[in-house]
Amino acid sequence: MNWDDTRIFLALHRERTLRGAARAAGVDQATVGRRLAALEHALSATLFLRTSEGYVLTSAGENALRSAEKMEKSANDLVRQAKGADTRLAGEVKVTTTDSLALEFVIPAISRLHAQHPDVRVTLNTSTQMLNLARREADIAIRNQKPDNPDLVARRLARWPVGLYASRQYVAQRGEPDPSSGFEGHDLVMYEPHLARNMTPTLVGHPIEGGRLVGAVNSSLMLRAMVRMGGAIGEVPVPMAERDGLVRIWPDRERSRPYEVWLVMHQDLRHTARVRAMIDMILESFQA
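Summary of the structure given here.

Topic: the overall build of the chain
Link 1 in the chain: Helix and strand counts for the chain come out as 10 helices and 14 strands.
Link 2 in the chain: By principal-axis analysis of the C-alpha atoms, the chain measures approximately 70 × 50 × 30 Å.
Link 3 in the chain: Looking at the chain as shown, the accessible area adds up to about 15,100 Å², and 48% of this sits on carbon and sulfur atoms.

Listed below in structure tokens is the structure:
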């Protein structure tokens, strides 16, 4: 199996569409189709069926998948080990994080890095998707949960309590909710993944029944924006709420699970100079 064809095969398997595979592999759709045809010709087998749900592996494709994933792991191991011995302060560093952490911590770190090492280029991804460090989708991840992969090195950057907040404008117009009547008569915003869990939705441990849920967002930055602009009451990590000048509601209550921030990287990259330099700048941002 040719590696260039194999990575297209893996991209199509994971993305299910020609467009998605082309985007993931950094090529155009015609190249994806051409590489797939070449691979199927070389193996004398049909690897995918085209269905209403996208491209689905055939039994031959399932067999090829195991070998393709082994090839991918070997190729990624080779690149990581080579990068791990790289002492140059030049080249690309791929960082993934949330939009909120990027805006307040990572982008300032990138600015300081560029001032000191202008030949280091940072590619920043702020999607909510968890990128795979083992597949070299990112070199550094700033995440809200600690990974359990033994090949990854994790360092906790922050552990912040999460309180209930509103803007000064909201409090002036609507007042604060009375703990005895809960959220009755108040507008609320929540982080959408919390609503997806099979349990009664709560804010700082109090059921939201009686309140009106006016927003469900998948971005902590957007949640903070809704609270800051006076649209609703919501949970915000305490240091971020203080930066935004928000008013804390029920100060004696907080979410049972704190907001943690973890810096994660593959152990093979610990000694790569440009990756190490980026990490140092990120640490400086959080320490400040």
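Next comes the rest of the write-up.
Let's talk about the packing of helix H5 (residues 99-116) against helix H10 (residues 273-287)
Link 1 in the chain: As a packed pair, H5 and H10 sit with axes 8 Å apart at the nearest point and diverge in direction by 130 degrees. Taken together, the axis directions place H5 and H10 in an arrangement best described as oblique. Viewed along their axes, H5 and H10 form a crossing whose handedness is right-handed. Seen from H5, the contacting residues are Leu 101, Phe 105, Pro 108, Ala 109, Ile 110, Arg 112, Leu 113 and Gln 116; seen from H10, they are Ala 277, Met 278, Met 281, Ile 282, Glu 284, Ser 285 and Phe 286.
Link 2 in the chain: Taken together, the residues of the contact of H5 with H10 break down into 11 nonpolar, 2 polar and 2 charged.

Observations regarding the nonpolar core
Link 1 in the chain: The biggest cluster of nonpolar side chains holds 38 residues, and the ones touching the most others in it are Ile 140, Ile 142, Val 261, Met 278, Ile 282 and Phe 286.
Link 2 in the chain: Ignoring sequence-local partners within four residues, the contact set of Met 278 consists of Val 93, Val 95, Ala 109, Ile 110, Leu 113, Val 122 and Ile 140.
Link 3 in the chain: One finds Ala 11, Leu 57, Ala 64 and Leu 65 within the second-largest nonpolar core, a separate group that totals 18 residues.

Observations concerning the pairing of strand S8 (residues 187-191)
Link 1 in the chain: With 4 of 5 residues buried, S8 lies mostly within the body of the structure.
Link 2 in the chain: Examined bridge by bridge, S8 and strand S11 (residues 212-217) share 5 bridges and lie parallel to one another. The partner of Tyr 191 across the bridge, within S11, is Val 217.

Let's talk about the layout of surface pockets
To find the voids left in a structure, one rolls a probe of water-molecule size over its atoms.
Link 1 in the chain: Here the largest pocket defines a volume of roughly 1,100 Å³.
Link 2 in the chain: Forming the walls of the largest pocket are 43 residues, and the residues nearest its centre are Asn 144, Tyr 191, His 194, Arg 197 and Arg 255.
Link 3 in the chain: If you list the elements that add at least two residues to the lining of the largest pocket, you get strand S5 (140-143), S8, helix H7 (192-196), strand S9 (202-203), helix H8 (220-228), strand S12 (234-237) and strand S14 (259-266).
Link 4 in the chain: For the lining of the largest pocket, the class distribution of residues is 18 nonpolar, 17 polar and 8 charged.

Remarks on the environment of Arg 34
Link 1 in the chain: Mapped onto the secondary structure, Arg 34 falls in helix H3 (residues 29-43).
Link 2 in the chain: Sequence spacing of Arg 34 and Asp 5 is 29 residues, and the spatial spacing of their C-alpha atoms is 9.1 Å.

Describing helix H2 (residues 18-25)
Within an α-helix, residues lying three or four positions from one another point in the same direction, as the helix has 3.6 residues per turn.
Link 1 in the chain: Those residues of H2 that sit buried are Gly 20, Ala 21, Ala 22 and Ala 25.
Link 2 in the chain: Those residues of H2 hidden inside the fold are in contact with helix H1 (3-15) and H3.

Overview of the sheet that holds strand S7 (residues 162-166)
Link 1 in the chain: If you trace the 3 strands from one edge of the open sheet to the other, you get S12-S7-S13, paired in antiparallel fashion. The open sheet has two edge strands, S12 and strand S13 (247-249), and neither has a second partner. Across this sheet, the average inter-strand angle for adjacent strands is 60 degrees, counted without regard to direction.
Link 2 in the chain: Strand direction decides the pairing type here: S7 and S13, joined by 3 bridges, are antiparallel. Residue pairing across strands places Ala 166 opposite Val 247, the latter belonging to S13.
Link 3 in the chain: Against the sheet, H8 contacts S7 and S12, and its axis sits at roughly 115 degrees relative to S12.

Some words on the environment of Thr 202
Link 1 in the chain: Mapped onto the elements of the fold, Thr 202 is located in strand S9.
Link 2 in the chain: For Thr 202, a relative accessible area of 30% puts it in the partly exposed group.
Link 3 in the chain: Between the alpha carbons of Thr 202 and Asp 4 there is a distance of 49 Å; along the sequence they are 198 residues apart.
Link 4 in the chain: Setting aside residues no more than four positions away along its own chain, Thr 202 makes contact with Met 190, Pro 207, Ile 208 and Glu 235.

Reading the values: rules and limits
- Residues numbered from 1 in each chain as written.
- Predicted model: local features only at pLDDT ≥ 70, side-chain atom pairs only at ≥ 80, totals over all residues.
- Heavy atoms only, no water.
- Helix = DSSP H or I, 4+ residues; strand = E, 2+ residues; numbered from the N terminus.
- Areas by Shrake-Rupley, 256 points an atom, 1.4 Å probe, with all protein chains shown as cover.
- Axes fitted to C-alpha atoms, helices over the stretch in contact; angles between N-to-C directions.
- Parallel < 35°, antiparallel > 145°, perpendicular 65-115°, else oblique.
- Left-handed = near helix turned anticlockwise from the far one by under 90°.
- Contact = heavy atoms within 4.5 Å.
- Nonpolar A, V, L, I, M, F, W, Y, C, P; charged D, E, K, R; others polar.
- Core = buried A, V, L, I, M, F, W, Y, C linked by side-chain atoms within 4.5 Å.
- Buried < 20%, exposed > 50% of the residue type's maximum accessible area, 1.4 Å probe, protein only.
- Pairing = 2+ DSSP bridges.
- 1 Å grid on protein atoms, 1.4 Å probe; cavity = no way out; pocket = protein on both sides within 12 Å on 5 of 7 lines; lining within 4 Å.
- Points joined across faces, edges and corners; volume = space filled by probe spheres on them.

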